[in-house]
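# Tertiary structure, described
Spelled out, the chains give:
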Amino acid sequence: MKKTLFKTIFIFIFSFFYIQSQERNLKGLSKMRLKAIINEIENKSDSLLLKNSEFKSLNNELKDSLEKLTKTDSLSLIFMGDIMGHDGQIKSAYDKKTNTYNYDPVFEEVRGLISNFDFAIANLEVTLAGPPFKGYPRFSSPKELAVTCKNSGIDVLVTSNNHTCDRGKKGVIKTLDILDSLNIKHTGSFRDSSEFKKNNLLVLEKNNIKVGLLNYTFSTNGMPIPYPTIVNKIDTISMLEDIKKSKKQNIDKLIVFIHWGPEYQLTPSNNQKKIANFLFKNGVDIIIGAHPHVLQKMEYRDNFDAENGQLIAYSLGNYVSNQRKRYRDGGAMIEILLTKNQEKTKISDSGYHLTWVHKPIINGKEVFKILPCKEYEKNNFKGLDSKSKAAMKLFINDSRKLLKKENQNIQEK
């Protein structure tokens, strides 16, 4: 409507001045010539309208280009260590009156922090195979553990570890069934080869940034992987093949969550370092380690170019467990911020949060709680008895001493 009105006004004004200038000559023109003049005027107006439209289109393209040059997208990740399910944890979650399980108290004090991130990722070191529910050595926890993980903001649970096959084929498959029913993303173990081919690389995408996640374990504790299920194991040939396939998926960063290393050792083994170097050399950007059940060092390597920076946390320790010996009663969460500008993605920030597992007696019952260490430290350990306060302080001091000495470019948040 606006274009038609503009065209009509333009023709009228142009015609008036054109006719005025040609008034002396118009008197002798034929009807055919007058029509030709009118057509010429209309064509010129169409040409101007077309140029105006082309200008607007070019202007929009320039605006889009400028926005792409100046816009920075971001994606935030937080990783947690081992979510265990020892006998004491199962007993704590059980309510005799209702014959149900409830793990809500475990995560309630870290739920707020976890929920601040685009993706929260942890290692599920139990099966969800159903009863009999049991801890070590062949773990099976109630599905309510996964329900609480979901409700607490955990988006992804990796499932390849040395306890994946604790309950055989049924355990592998039922664990995946429950995670799927809760819409919890996962990778590391698979029902069959078809699912492996489709879902081995877990792609997480948000805010124009796409990351891929792979998961491997050093062992299944000598238990055979039941056919036709698949559990990813550490093997340089298969890992290299997975990396090459992943790079074809147009991802911005590749992450490997890996179950490795000797238990209870504060220093990464030579084999861990060897595998890490292999992964980095072949295109992995971030490595998150689990299994030692204690903290090990974290490193950010800028490699003289932020876009090619690489990060590794050799072990995040126990996120929740019933292990109470020194160094084993806590762990760390590591947060990573990715930013993308002009199609270049880099690790812009990282840092860790220490966590400690508290076991207070509430209403005559032992309860497990993951506590954020720094928050309790700020509040002078309010709510903790003297024994718990001393234990938490010891864990904090031990952890800071280790990580301040060993870490490279990764500080406590």
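A brief look at the structure comes next. The shown structure was predicted, so the numbers you read here are calculated from the model rather than taken from an experiment. (Residues numbered from 1 in each chain as written. Predicted model: local features only at pLDDT ≥ 70, side-chain atom pairs only at ≥ 80, totals over all residues. Heavy atoms only, no water.)

In this section: the environment of His-163. Within the secondary structure, His-163 is located in the loop between β5 (156–158) and α8 (168–181). Apart from the residues lying within four places of it in its own chain, the contact partners of His-163 are Glu-125, Thr-127, Pro-137, Phe-139 and Asn-221. Of note is the side chain of His-163, whose polar atom sits 2.8 Å from the side chain of Asp-166. (Helix = DSSP H or I, 4+ residues; strand = E, 2+ residues; numbered from the N terminus. Contact = heavy atoms within 4.5 Å. Polar contact = N/O pair within 3.5 Å; in protein donor to acceptor, adjacent residues only side chain to side chain.)

Another point: the nonpolar core. Phe-79, Met-298, Ile-334, Leu-338, Leu-354 and Met-392 are the most contacted members of the largest nonpolar core, which has 42 residues in total. When residues in this core are grouped by element, the largest group, five residues, is from helix α13 (residues 386–406). Discounting chain neighbours no more than four positions away, the residues touching Phe-79 are Ile-121, Ile-255, Phe-257, Ile-288, Leu-316, Ala-332, Met-333, Ile-334 and Ile-336. In this structure, Ile-90, Val-106, Ile-154 and Val-357 belong to the second largest nonpolar core, which totals 33 residues. (Core = buried A, V, L, I, M, F, W, Y, C linked by side-chain atoms within 4.5 Å. Buried < 20%, exposed > 50% of the residue type's maximum accessible area, 1.4 Å probe, protein only.)

Moving on to the environment of Phe-368. Inspection of the secondary structure puts Phe-368 in the loop between β19 (365–366) and β20 (369–372). Overall, the relative accessible area of 2% leaves Phe-368 in the buried class. When the C-alpha positions of Phe-368 and Val-320 are compared, they lie 8.0 Å apart, and in sequence the two are 48 residues distant. Other than its neighbours up to four places away in sequence, Phe-368 contacts Gly-88, Gln-89, Ser-92, Pro-105, Val-106, Ser-321, Asn-322, Val-357, His-358 and Lys-359.

Moving on to the pairing of strand β14 (residues 310–313). Residues Gln-310 and Ile-312 line one face of β14 and the alternating positions Leu-311 and Ala-313 line the opposite face, and both faces are buried. Direction of pairing for strand β12 (residues 286–290) relative to β14: parallel, over a ladder of three bridges. In the sheet register, Ile-287 faces β14, and the bridge partner there is Ile-312. In this structure, strand β13 (residues 298–301) lies alongside β14, joined through four bridges in antiparallel fashion. Paired with Tyr-300 across the two strands is Leu-311, which belongs to β14. (Pairing = 2+ DSSP bridges.)

Negative phi values dominate among residues other than glycine, just as trans dominates among peptide bonds. Residue Pro-132 follows Pro-131 across a cis peptide bond; omega there is 0 degrees. In this structure, Pro-132 sits in the loop between β4 (119–124) and α7 (144–151). In this structure, Pro-228 follows Tyr-227 across a cis peptide bond, with omega equal to 5 degrees. Mapped onto the secondary structure, Pro-228 falls in the loop between β9 (209–217) and β10 (230–231). Phi is positive for Asn-208, close to 70 degrees, though the residue is something other than glycine. Position of Asn-208 among the secondary structure elements: in the loop between β8 (202–206) and β9. Phi is positive for Phe-381, close to 60 degrees, though the residue is something other than glycine.

In this section: the side chain of Gln-89. Position of Gln-89 relative to the elements: it lies in helix α4 (residues 87–93). Relative accessible area serves as the criterion here: at 5%, Gln-89 is assigned to the buried category. A distance of 2.9 Å separates a polar side-chain atom of Gln-89 from the backbone oxygen of Met-84. Discounting chain neighbours no more than four positions away, the residues touching Gln-89 are Met-84, Tyr-103, Val-320, Ser-321, Asn-322 and Phe-368.

Counted by the stated rule, this structure contains 19 salt bridges. The residue Lys-369 makes a salt bridge to Glu-108 at a minimum N-O spacing of 2.2 Å. Within this pair, whereas Lys-369 is found in strand β20, its partner Glu-108 is found in the loop between α5 (104–107) and α6 (111–114), the two being separated by 261 residues in sequence. A relative accessible area of 10% means that Lys-369 is categorised as buried. When its relative accessible area of 39% is taken as the criterion, Glu-108 is described as partly exposed. The partner of Glu-377 in a salt bridge is Arg-400, and the shortest N-O contact between them spans 2.7 Å. Residue Glu-377 is located in helix α12 (residues 373–378), and its partner Arg-400 is located in helix α13; the two are separated by 23 residues in the primary sequence. By relative accessible area, which is 30% here, Glu-377 ends up partly exposed. Arg-400 sits in the buried class, given a relative accessible area of 15%. Overlapping salt bridges bring together Asp-177, Asp-180, Arg-191 and Glu-195 as one network. (Salt bridge = Lys/Arg side-chain N within 4 Å of Asp/Glu carboxyl O.)

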